[in-house]
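Commentary on secondary and tertiary structure
Listed below are the residues making up each chain.
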Amino acid sequence: MRKTNQTLITEFYLLGFGNLHSYKYLFFSIFLITYFIMLTGNILVIILVVCNKTLHFPMYFFLTQLSLCEIVFTTNIVPNMLRIILGNGGTMSVTACLGQLYLSCVPSITQCLILATMSFDRHIAICNPLRYMSIMTFRKQLHIVISCWASGLMVSILTFAFVNELQFCKSNIINHIYCDITPIIELSCSDTFSVELILSLASVFAILVPLLFIILTYISIIVTILKIPSRSGRQKTFSTCSSHLSVVCMYYGTMVSLYIYPPGKHYLNVNKILSLLYVVVTPLFNPVIYSLRNQDFRRAIFQTLQSSKQKLCFKEN
């Protein structure tokens, strides 16, 4: 009924999690609450860094961009995913589906580059602390952030230009929770060699190169930390980059598991679960890790609460 043989397809049908029966309301509520917690947490991170002078450091400025990437990425996917859950599946036009794909690529690529930038920031702070403030000026931070977002936009536009040329005349059923690149290519009846080549090159630039850079910078950081004579000094120095390292492991671990997991019908459900972790759960850990494991953030939250309490008491009096 949702298949065409000769005519071009103008809309896709996303199966989502299939027919969840009465459980769909439970799943909908859980994902909606998780989405709002993620949204609130990342917005609070941005507000805290902007409004609290004790957090006006390069690392936290880059963290606001990381939170912004998470907000854009999840907001692009989750609302439509919730609609699909309630409807036990749902349709999307080809244009809307490709648009969702593009809008998910931009923050994903930018986030990889921002994570690499944050590792560079930690490398300078630990390995060359005397020159840290002269190197990581606010102007340099702005240039780096603009370059990361511009790179994400350009790579996504280049990829989208090739994907947009694909024609779809097979089945229009996507057994997934959102429009991802792999199921879209599988449904195309065009020659996908050029698209797959561009995607491979884009993956090397956007994923592998930043990951390799992060690994190399942390090797240098660990070597420098091991040279510190006191154990307490080593622990204190490593704690300044432990939050970033946790976010890197969570983000890249989920991404690698999602896109390197072997394809096939038997792995579709596993792929959906990994996609759910990548879309909903991983963005939630960014503000949680930094708020719970970072003393500066805990102090800033406490000061903000104390200030709000004092203002409230002053108004009452």
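Residues numbered from 1 in each chain as written. Predicted model: local features only at pLDDT ≥ 70, side-chain atom pairs only at ≥ 80, totals over all residues. Heavy atoms only, no water.

**Observations regarding the packing of helix α3 (residues 94-127) against helix α5 (residues 138-163)**
As a reminder of what qualifies: To define axes, lines are fitted to C-alpha atoms, for helices over the stretch in contact only, and angles between the resulting N-to-C directions are given on a 0 to 180 degree scale. Numbering of helices and strands runs from the N terminus; a helix is a DSSP stretch of H or I covering at least four residues, while a strand is a stretch of E covering at least two. In this scheme the handedness of a crossing depends on how the near helix is turned from the far one: anticlockwise by less than a right angle means left-handed, clockwise means right-handed. By the convention used here, residues are in contact when the closest approach between their heavy atoms is within 4.5 Å. Only Asp, Glu, Lys and Arg are considered charged in this grouping, and only Ala, Val, Leu, Ile, Met, Phe, Trp, Tyr, Cys and Pro are considered nonpolar; every other residue, Gly among them, is considered polar.
Contact geometry for α3 and α5: axes closest at 8 Å, N-to-C directions at 145 degrees. Crossing angle aside, the handedness with which α3 passes α5 is right-handed. Counting all contacts with α3, which are made through L98, G99, L101, Y102, C105, V106, I109, T110, L113, I114 and T117, the residues of α5 involved are I144, C148, W149, S151, G152, L153, V155, S156, I157, F160 and V163. Classifying every residue of the contact of α3 with α5 gives 16 nonpolar, 6 polar and no charged.

**Remarks on the nonpolar core**
Selection rule: To qualify as a nonpolar core, a set must consist of buried Ala, Val, Leu, Ile, Met, Phe, Trp, Tyr and Cys residues joined through side-chain atoms within 4.5 Å. In this scheme, a residue with accessible area under 20% of its type's maximum is buried, one over 50% is exposed, and one in between is partly exposed, where area comes from a 1.4 Å probe on protein chains only.
F62, L63, L115, M118 and F297 are the most contacted members of the largest nonpolar core, which totals 67 residues. By residue number, the principal contributor to this core is helix α2 (residues 58-86), which donates 14 residues. Contact partners of L115, with chain neighbours within four places excluded, come to L66, I214, H244, V247, V248, Y251 and Y252.

**A look at the sheet that holds strand β2 (residues 90-93)**
Quick reminder of the rule: Note on pairing: DSSP must find at least two bridges between two strands before they are called paired.
The 3 strands lie next to each other as β2-β1-β3, forming an open sheet whose pairing is mixed. The open sheet has two free edges, formed respectively by β2 and β3 (173-174), since each of these has just one partner strand. Examined bridge by bridge, strand β1 (residues 11-14) and β3 share 2 bridges and lie parallel to one another. Paired with L14 across the two strands is I174, which belongs to β3. Across the sheet, α2 touches β1 and β2, and the angle it forms with β2 is around 140 degrees. In the packing of α3 onto the sheet, contacts are made with β1, β2 and β3, and the angle to β2 comes to roughly 85 degrees.

**Quick notes on the environment of T237**
Structurally, the position occupied by T237 is in helix α8 (residues 231-260). Judged by its relative accessible area of 19%, T237 is buried. Sequence spacing of T237 and I221 is 16 residues, and the spatial spacing of their C-alpha atoms is 9.6 Å. Residues in contact with T237, not counting those within four places in the same chain, are I126, I225 and I228.

Function-wise, these values are silent; they only describe arrangement.
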